[in-house]
Amino acid sequence: PLADLHFDLHQIPLDENSYDVIFCNHVLEHVEDEVHAALEGNKALQGEINKLKAQISANKKAMSASSKVAKKFSKLSLGGYGELHYNNTETDAGAKTRKMDFHRFVLFVGYDFSPKVRFFSEYELEHSIAGEGKVGEVELEQAYIEYDVTDKLTTRAGMMLLPVGIMNEVHEPTTFYGVERNNVEAKIIPATWWAGGVGVTYKASQNITIDAMFHEGLAVPVSGSSALYIRSGRQKTGNADVGDMAYTARVKWQKDGLALSAFWNEQTDASANEADILDGASIYGVSAQYTHPSGLELRALHAEADLDVTDSSSSLVTNGFDEQEGSYLLASYRIDDTWGIFAEWESVEAYSASNEFDQYRVGFNMYWDKNAVIKFDYVDHEKDASSTSDFDGFNVGMGYDF
């Protein structure tokens, strides 16, 4: 800058041209210094800009990776349920049962691949502890891919719950009354019943839905204490014998709080063994559910199983165990968001004399939240045959789902 020139040109004995040269030389020297300083500053600034660009690029990559992770997690769904039971009963002969069991601990994992394609799974630990010699089991109950072909037609493939009864597909503890599940859907249907195969759901109208499945069949035993016990025949898709497949279909109608359904399951060889005395089997039933805005709910279910035992002289036939059936009626009233009461009757004629009975239950559900419940019921269990093994008592339970 010119202000930095502090010498007095009049004190220098030079002519006018010499003054101009000296002045210009000094100005050029200062301009050169300023330009050099500016260039150095530009180099430093360019370095900072390059660093900033590198940081922005790194941030973009990190944000892109985070965005991809966030996008994946946004498509992931998690859930589950569990229930703890305490049973306190006594037979007419005086035999007492005092038992506590964390009956089920279940986790759901799902993933939406796209708006039309999704995955769902259900992983369960039963009776708290599993392993060799332990009472519990670890089970994969569902693992399937679902595809919406149209707005009305959905297909699925994998391992899934069969469309039968009331509780087989919806059985979280907050969705039903009573500590234990009803016997009809345990011994006749038998819930929880799942199998590997393929299925379709078709919404025929606003009120009518049709479900169909082609899947592995049962392997019902024909000897021993569990002979013709349908529940023991579930293969659970663990190296299941599929020499003879099974078929299940259901029609469901719903309107204004009322749901009616009918299902049919056909087994071509219910024992999965052509050499024994059990061939095919048919398991079928009807159900009705009615829910009123006041809190009143009614449930009714009837199910039958016809097992084709080829040896008519077998005690399985002469005792009538080849034709099994069961019915139950339940009435409940949800008082408010906190309490609900119920009464239930069921009648079962299953695979043995000890499994032919009528049972009555009354009790309540106390809801800590819509997803957390405490349950209590009193049970009176009466065998059809005269027996000292009739029992009564009470059950207490805790349940949750999320």
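See the structure above.
Caption draft 1: Structural detail: the environment of Leu-78. On the secondary structure map, Leu-78 appears in strand β1 (residues 76-91). A C-alpha to C-alpha distance of 5.5 Å links Leu-78 and Phe-108, two positions 30 residues apart in sequence. With near-sequence residues (within four places) excluded, Leu-78 lies in contact with Phe-108 and Val-109.

Caption draft 2: How the structure looks around unusual backbone geometry. Note the cis peptide between Ile-189 and Pro-190, where omega equals -5°. Tracing the chain through its elements places Pro-190 in the loop between α2 (184-187) and β6 (194-203). In this structure, Thr-192 follows Ala-191 across a cis peptide bond, with omega equal to 0°. As for its placement among the helices and strands, Thr-192 is situated in the loop between α2 and β6.

Caption draft 3: Representation of a negative patch on the surface. Residues Glu-90, Asp-92, Glu-382 and Asp-392 make up a contiguous surface patch of negative charge. With respect to the helices, strands and loops of the structure, Asp-392 is situated in strand β16 (residues 391-401).

Caption draft 4: Region of interest: the pattern of salt bridges. Overall, the coordinates contain 12 salt bridges when judged by the stated rule. For Arg-118, the salt bridge goes to Glu-146, with nearest N and O atoms at 2.9 Å. Taken as a pair, Arg-118 in strand β3 (residues 117-126) and Glu-146 in strand β4 (residues 137-148) lie far apart in primary sequence, 28 residues in all. Neither Arg-118 nor Glu-146 differs from the other in exposure class; each is buried. For Arg-156, the salt bridge identified is with Glu-146, shortest N-O distance 2.9 Å. Taken as a pair, Arg-156 in strand β5 (residues 153-161) and Glu-146 in strand β4 lie far apart in primary sequence, 10 residues in all.

Caption draft 5: Inspection of the packing of aromatic side chains at higher detail. On inspection of all chains with the given rule, the structure shows 13 aromatic pairs. Ring geometry for Trp-264 and Tyr-284: centres 4.7 Å apart, planes at 10°, overall stacked. With Trp-264 in strand β9 (residues 258-267) and Tyr-284 in strand β10 (residues 278-291), the pair connects residues that are 20 residues apart, well separated along the chain. Here a set of aromatic residues connected by ring pairs shows up, and it is made of Tyr-86, Trp-339, Phe-364, Phe-376 and Phe-394. Positioned over the ring face of Phe-176 is Lys-375, at 3.6 Å from the centre of the ring.

Caption draft 6: Geometry of a nonpolar patch on the surface. Among the surface-exposed residues, Phe-105, Leu-107, Tyr-123, Val-138, Leu-140 and Phe-402 lie close enough to one another that they form a single nonpolar patch of about 590 Å² accessible area. Secondary structure elements with two or more residues in the nonpolar patch: β2 (96-112) and β4. Summarising the element assignment, Tyr-123 is placed in strand β3.

Caption draft 7: Structural context of the pairing of β2. Pairing analysis gives 15 bridges linking β1 to β2, with the strands arranged antiparallel. For Leu-84, the partnering residue across the bridge sits in β2 and is Phe-102. Between β1 and β2, which follow one another and run antiparallel, lie 4 residues, and Gly-94 among them has a positive phi close to 95°. Bridge count between β2 and β3: 9 bridges; the pairing is antiparallel. When the bridges of β3 are listed, Val-109 appears paired with Ser-121. With antiparallel pairing between neighbouring strands as the criterion, β2 and β3 make up a hairpin whose turn holds 4 residues.

Caption draft 8: A look at the pairing of strand β14 (residues 356-369). Of the pairings in the sheet, the one linking strand β13 (residues 339-349) to β14 comprises 11 bridges and is antiparallel in character. For Glu-349, the partnering residue across the bridge sits in β14 and is Glu-356. Count of turn residues in the β13/β14 antiparallel hairpin: 6 residues. Alignment of β14 against strand β15 (residues 372-383), held across 12 bridges, turns out to be antiparallel. If you follow Gln-359 over to β15, its bridge partner there is His-381.

Cut-offs and rules
- Residues numbered from 1 in each chain as written.
- Predicted model: local features only at pLDDT ≥ 70, side-chain atom pairs only at ≥ 80, totals over all residues.
- Heavy atoms only, no water.
- Helix = DSSP H or I, 4+ residues; strand = E, 2+ residues; numbered from the N terminus.
- Contact = heavy atoms within 4.5 Å.
- Patch = residues over 30% accessible without salt bridge, like charges linked within 9 Å, V, L, I, M, F, W, Y side chains within 5 Å.
- Areas by Shrake-Rupley, 256 points an atom, 1.4 Å probe, with all protein chains shown as cover.
- Salt bridge = Lys/Arg side-chain N within 4 Å of Asp/Glu carboxyl O.
- Lys, Arg positive; Asp, Glu negative; His and termini not counted.
- Charge placed at Lys NZ, Arg CZ, Asp CG, Glu CD.
- Buried < 20%, exposed > 50% of the residue type's maximum accessible area, 1.4 Å probe, protein only.
- Phe/Tyr/Trp six-rings, centres within 6.5 Å; stacked < 30°, edge-to-face > 60°.
- Lys NZ or Arg CZ within 6 Å of the ring centre and 35° of its normal.
- Pairing = 2+ DSSP bridges.

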